[in-house]
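# Chain and residue survey
Here is how the chains run, residue by residue.
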Amino acid sequence: MGLIWLAALAVLAAMLLWWVFPFLARLVGFFIIVNSLLAIVLTPARAIPAQLPWLALGVLVWLLGHWAWAFKHGFWDSRVALRVFSLLGVRRVIPRSTLIDFDADSR
């Protein structure tokens, strides 16, 4: 019974993570970005070398949340994410589900 309980708990945790991850990643990434930018603006002499990795991590987590949303739902939730993922270097990681054009027959 212990092994079945552990497997059920792992499946439940994976389902919960799949459901909440895109929103949670975008929210956490946004707060990391805001915190880093505020630290850079308020104390630039001390924060610039220390906050730049945090700023990069915040942008990465925020973009990962948008990527997970697009992978899960098949469309971009914001125009900012669409613009960022259409840049030359980031274009390669676009989920294939967002590239499908459902209105191709209506043209």
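Residues numbered from 1 in each chain as written. Predicted model: local features only at pLDDT ≥ 70, side-chain atom pairs only at ≥ 80, totals over all residues. Heavy atoms only, no water.

Here we take up the nonpolar core. Listed in full, the nine residues of the largest apolar core are Ile33, Leu55, Trp62, Leu63, Ala70, Trp76, Ala81, Phe85 and Ile94. At the level of secondary structure, the elements contributing two or more residues to this core comprise helix H2 (44-73) and helix H3 (79-85). Per element, the largest residue contribution to this core is four residues, and it comes from H2. If sequence neighbours within four positions are ignored, Ala70 has contacts with Phe75, Trp76, Pro95, Ser97 and Thr98. (Core = buried A, V, L, I, M, F, W, Y, C linked by side-chain atoms within 4.5 Å. Buried < 20%, exposed > 50% of the residue type's maximum accessible area, 1.4 Å probe, protein only. Helix = DSSP H or I, 4+ residues; strand = E, 2+ residues; numbered from the N terminus. Contact = heavy atoms within 4.5 Å.)

An α-helix turns once every 3.6 residues. As a result, residues three or four positions apart point the same way. Between its first and last C-alpha atoms helix H1 (residues 2-42) spans 53 Å; for 41 residues at 1.5 Å apiece the expected length is 60 Å, and the helix comes up short by more than 12%. Within the span of H1, buried status applies to Pro22, Ala25, Arg26, Gly29, Ile32, Ile33, Ser36, Ala39 and Ile40. Looking at the buried positions of H1, the neighbouring elements they touch are H2. (Expected span 1.5 Å × (residues − 1).)

A word on the pattern of salt bridges. Side-chain pairs of opposite charge can arise whenever the charged atoms involved come near each other. In total, this model carries one salt bridge according to the counting rule given. For Arg26, the salt bridge goes to Asp77, with nearest N and O atoms at 2.8 Å. Highlighted residues: Arg26 in helix H1 and Asp77 in the loop between H2 and H3, separated in sequence by 51 residues. For Arg26, a relative accessible area of 13% gives the class buried. (Salt bridge = Lys/Arg side-chain N within 4 Å of Asp/Glu carboxyl O.)

Structural measurements only, silent on function.
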